[in-house]
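In case you want the letters, here they are:
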Protein chains: 2
Amino acid sequence: MAEQHEKLDKQIKEKMLIDALENGKIDSFRDEFMEMHPYDQAKFFGQLEEELRAKVYHYLSPEEMAALFENLKSEEEEYGDLLSEMNPAYAADMLSEMYADDAVDVLNELDKEQVVSYLTIMDKEAAAEIKELLHYEEYTAGSIMTTEYVAIAANQTVRSAMYILKNEAPEAEIIYYLFVVNDEKKLVGVISLRDLIVADDDTMIHEIMSERVVSVSVSEDQEEVARKMRDYDFLAMPVIDFQNHLMGIITIDDIVDVMQEEASEDYSKLAGVPDMDHGDKGALSAAKKRLPWLVILLFLGMFTASLIGRFEETLNQKAILAVFMPLIAGMAGNTGTQALAVVVRGIATGDLKTESKWKLIAKEGSTGLLIGLSCGVLVTLVVYFWQDDFYLGLLVGAAIIATLFVATLAGSLIPLLMHKMNIDPAVASGPFITTINDIISVLIYFGMATLFISYLK
Amino acid sequence: MAEQHEKLDKQIKEKMLIDALENGKIDSFRDEFMEMHPYDQAKFFGQLEEELRAKVYHYLSPEEMAALFENLKSEEEEYGDLLSEMNPAYAADMLSEMYADDAVDVLNELDKEQVVSYLTIMDKEAAAEIKELLHYEEYTAGSIMTTEYVAIAANQTVRSAMYILKNEAPEAEIIYYLFVVNDEKKLVGVISLRDLIVADDDTMIHEIMSERVVSVSVSEDQEEVARKMRDYDFLAMPVIDFQNHLMGIITIDDIVDVMQEEASEDYSKLAGVPDMDHGDKGALSAAKKRLPWLVILLFLGMFTASLIGRFEETLNQKAILAVFMPLIAGMAGNTGTQALAVVVRGIATGDLKTESKWKLIAKEGSTGLLIGLSCGVLVTLVVYFWQDDFYLGLLVGAAIIATLFVATLAGSLIPLLMHKMNIDPAVASGPFITTINDIISVLIYFGMATLFISYLK
């Protein structure tokens, strides 16, 4: 009930806003719009036609537009279109007003030329900050950090630190940690706003600051940064260069986005669909994304088929053998995917770091053997009673044992090897492992069948 | 280099700490240990033997132990063991000192009797808070919220609000938002500490507070809460009951954990390995976790085999048909998994909410058809040139087209139906869809082959 009420409320509000835009009622638009959270503003803005968007640019200051723009979670390629709709000076002003890290996200989606032209007409100070951030490689700490933090000195009082804080609060992206630097801008300590507020006004910062600062280096992988922030429950984390200079900070809201991205990525790859989250406009673009993997798998499947072709003689003698092929291949695929997922996830969460690789392989091998034995015995019995052919049961059961053992090993070894060779192990998707295991299972099953065909009824 | 240096440093420090514990040097232990971040303290503590843990309980106050305990991310079942090692009064004191939501996490893992006994000897106020939180169902907003927030009134000045804040800061879990409530404890506004600090001391709170508060209800699903906090970039979110009373707040650190959990869960389920993250001690426990799914799939596979058995006559006439079976089944499994993953992820991220179900099904159907046509034509050509049998190529190609179309539809329909029936769609794992699609592909391929066998060479 409450939810439906809320929904209706929202629809009425949106109707009013659109009405105000269409009829040029700037005051009633602003009265309503400026009360909204920037995220809701962005969602509303995202639904508008170009004609109405043009009015919004007129009704909002560049600063107000900046807050909205920071919350746009649209397809990245649209940033450029939106900017080119605006008056260039307005766009440049808006970019200057945005938090530097968000502005960098926008600029990263534009052509080199466009970036240069905006940076030229932008506020000099903001442009300098942004230029510095643009240098860092994607997916590193440097690429997601911001330079809008509050820095203080160790030899000042709490009172004077609070004074600095009050002045810088409107500009800083997060004010809940203050970073203590020395004359050379090297990071020497950190203090939370909580500790600052509780402390006596005349206390010196160096008395209450924490000197053991957990920080990350500019070149560190963003996934590693996310792991650290999650472990330590930080709201922001300082980023330093190799000489301990404070370069910027990373805030928790960006880390939340990183975590979401990385989780989606691992998931997409396990399913063999790259870039799942960048919404498909239609069936054609969806098909285009899924086809590349499928075509590779198709050729691998053809290879499997040609392997089976070599056993045509065996199949001609005993067509019943074909009946169990999908069962064996399917089981191999399933166990392989399970082992793959455990290892890929272990690498992603860092849990595998502490464990030795050999121990892991031994463990997965034993797991595969246990699984193989359980399923193998079960299959032997079922096939024996169903087909009334003990040796056929034994053959299928033995093939299952061998196949599941090898498939589990392959599922864990392949991502480990890729990780070792600095390839993202998540690339070895479920479908890939499944297809590899198809090949393995065909070889094992038909190999065994050809050897022991004389025992079958 | 820097990293290795850091690692060595850590090892030396740990060695020192263990040495201090073993030789009962309480002062040098505390000097070093209290400088560490609670997360590092917890990691160190987690490696100790029972004998040394007993010393830690003696060397740390219940309050100090509480900070460490809040950072323990060990297997949940161990909480009980650790508590029972402590003196009951010490354990109860420690639980009182913990943030209420973390204490609830610990108590949730104990027997009913143990919970009652600790609550009886605990600090009365803390016990009352915890009792209230214990009521909420798992995975709801209520179960992850805390009651340690800062509440102020609308008709007070910024100065008096800051005074309240200073007093409550040491107890509150987060102080960066202040929640404004009326006499009936109903939530009427929110103000960030940033706005409070920037404001003039004599300003009234109602002048600067935001009245449009984004909140969640106590019974809301934690995944939905995470989605809202991510969208709005909040550090904390108020939780209300249906009459708008402020019941507690949820902090971003808990949301980060929720996101991690939910992502792991979706990933595990796609791979058909439940509970992947609750570490396996050995191969036996790993095998136990993976077997249930495999056995179900084994019987489904047997069913597939019995279906193929019905086409034995066809196979006896044309053994070559068996050669392409794993290819077709494999491709069906792969496309089905892709479609499944897209739909499950769409449901999880909420992206699918806005889209109509029928539109989605139509889109997936078209995608399946496009993928099927592309792969089908390719297969027809390859098989034709390889086997020099045009009709065989046509048969395999047509089977691929039909199979991939149906498999894509099945991959998207099954999770949608499950979602409709309030079953978690992620339960329809990749292996499950793959096996279902094995059955579909066998029926289509051999059905077609039986009909058109007279055309084959």
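The structure presented is a predicted model; accordingly, all values stated were derived computationally and were not measured.

Examining the UniProt feature "domain: CBS" (unreviewed entry) in chain A
Residues and elements named next belong to chain A.
Link 1 in the chain: The feature "domain: CBS" (unreviewed entry), as annotated in UniProt, sits at residues 145-208 and 209-265 in this numbering.
Link 2 in the chain: As annotated, residues 145-208 comprises 33% helix and 20% strand, and the C-alpha atoms at either end are separated by 26 Å.
Link 3 in the chain: Segment residues 209-265 splits into 44% helix and 23% strand. End C-alpha atoms: 39 Å apart.

Regarding the relation of the copies chain B and chain A
Link 1 in the chain: At an RMSD of 0.2 Å, chain B and chain A line up after a rotation of 180° and a shift of 0.1 Å along the axis. In short, the pair behaves as if placed about a two-fold rotation axis.

Some remarks on the sheet that holds strand E6 (residues 246-251) of chain A
Link 1 in the chain: Spatially, 3 strands are ordered E4-E5-E6 (chain A) in an open sheet, and the strand pairing comes out mixed. Strands with a single pairing partner mark the edges of an open sheet, and in this sheet they are strand E4 (216-217) and E6 of chain A.

Overview of helix H22 (residues 390-420) of chain B
Residue and element names in this part refer to chain B.
Link 1 in the chain: Counted at 1.5 Å a residue, the expected span for H22 with its 31 residues is 45 Å, and the 45 Å between its end C-alpha atoms agrees.
Link 2 in the chain: The opening residue of H22 is Asp389, an N-cap whose side-chain oxygen sits 3.2 Å from the backbone nitrogen of Tyr391.
Link 3 in the chain: Asn422 occupies a position one or two residues after H22 and carries a positive phi of about 60°.

Thoughts on the interface of chain B and chain A
Link 1 in the chain: At the junction of the two partners, chain B supplies 108 residues and chain A supplies 108 residues.
Link 2 in the chain: When the two sides are added together, the surface that chain B and chain A hide from each other amounts to roughly 9,800 Å², 68% of it contributed by carbon and sulfur.
Link 3 in the chain: At the junction of chain B and chain A, the tally comes to 6 salt bridges.
Link 4 in the chain: Of the charged contacts in the structure, one is a salt bridge between Glu35(A) and Arg212(B), with a shortest N-O distance of 3.8 Å.
Link 5 in the chain: Seen at the junction of chain B and chain A, the total is 18 residue pairs in polar contact (both at pLDDT 80 or more).
Link 6 in the chain: At 18 residues, the largest contribution of residues to the side of chain B that touches chain A is made by helix H17 (residues 283-309) of chain B.
Link 7 in the chain: Tallied by class, residues from the side of chain B that touches chain A come to 63 nonpolar, 22 polar and 23 charged.

Comments concerning the packing of helix H5 (residues 62-70) of chain A against helix H7 (residues 88-97) of chain A
Residues and elements named next belong to chain A.
Link 1 in the chain: Contact geometry of H5 with H7 gives a least axis separation of 8 Å together with a crossing angle of 65°. Crossing of H5 against H7: the hand is right-handed. Between H5, through Pro62, Glu63, Met65, Ala66, Phe69 and Glu70, and H7, the contact on the second element is made entirely by Tyr90, Asp93, Met94 and Glu97.

Concerning unusual backbone geometry
Link 1 in the chain: For Tyr139(A), which is not a glycine, the phi torsion comes out positive at approximately 70°.
Link 2 in the chain: Of note, Tyr139(A) is situated in the loop between helix H10 (124-134) and helix H11 (141-144).

Comments concerning the UniProt feature "transmembrane region" (unreviewed entry) in chain A
Residues and elements named next belong to chain A.
Link 1 in the chain: When the UniProt feature table is mapped onto this chain numbering, "transmembrane region" (unreviewed entry) sits at residues 291-308, 320-344, 365-386, 392-418 and 439-456.
Link 2 in the chain: With 96% helix and 0% strand, the stretch residues 320-344 has end C-alpha atoms that lie 38 Å from each other.
Link 3 in the chain: Helix makes up 100% of residues 392-418 and strand 0%, whereas the separation of the span's terminal C-alpha atoms amounts to 38 Å.

A few points about the side chain of Ser264(B)
Link 1 in the chain: Structurally, the position occupied by Ser264(B) is in helix H16 (residues 252-271).
Link 2 in the chain: Looking at Ser264(B), its side chain comes within polar contact range of the side chain of Arg345(A), at 2.9 Å.

Focus: the packing of aromatic side chains
Link 1 in the chain: Overall, the coordinates contain 39 aromatic pairs over all chains when judged by the stated rule.
Link 2 in the chain: Residues Phe29(B) and Phe33(B) carry aromatic rings whose centres are separated by 4.8 Å and whose planes lie at 20° to one another, so their mutual orientation is stacked. Linking Phe29(B) with Phe33(B), this pair stays in helix H2 (residues 26-33), spanning 4 residues, or about one helical turn.
Link 3 in the chain: Residue Phe33(B) is classed as buried on the basis of its relative accessible area, which comes to 0%.
Link 4 in the chain: Ring-pair connections join several aromatic residues into one group, and the members of that group are Tyr384(A), Phe385(A), Phe390(A), Tyr391(A), Phe452(A) and Tyr455(A).

Calculation notes
Residues numbered from 1 in each chain as written. Chains lettered and ligands numbered in written order. Predicted model: local features only at pLDDT ≥ 70, side-chain atom pairs only at ≥ 80, totals over all residues. Heavy atoms only, no water. UniProt positions renumbered as here; feature names shortened; annotations may be inferred. Helix = DSSP H or I, 4+ residues; strand = E, 2+ residues; numbered from the N terminus. Least-squares fit on C-alpha atoms with pLDDT ≥ 70 in both. Pairing = 2+ DSSP bridges. Expected span 1.5 Å × (residues − 1). Polar contact = N/O pair within 3.5 Å; in protein donor to acceptor, adjacent residues only side chain to side chain. Contact = heavy atoms within 4.5 Å. Buried area = accessible area lost by both parts, 1.4 Å probe. Salt bridge = Lys/Arg side-chain N within 4 Å of Asp/Glu carboxyl O. Nonpolar A, V, L, I, M, F, W, Y, C, P; charged D, E, K, R; others polar. Axes fitted to C-alpha atoms, helices over the stretch in contact; angles between N-to-C directions. Left-handed = near helix turned anticlockwise from the far one by under 90°. Phe/Tyr/Trp six-rings, centres within 6.5 Å; stacked < 30°, edge-to-face > 60°. Buried < 20%, exposed > 50% of the residue type's maximum accessible area, 1.4 Å probe, protein only.

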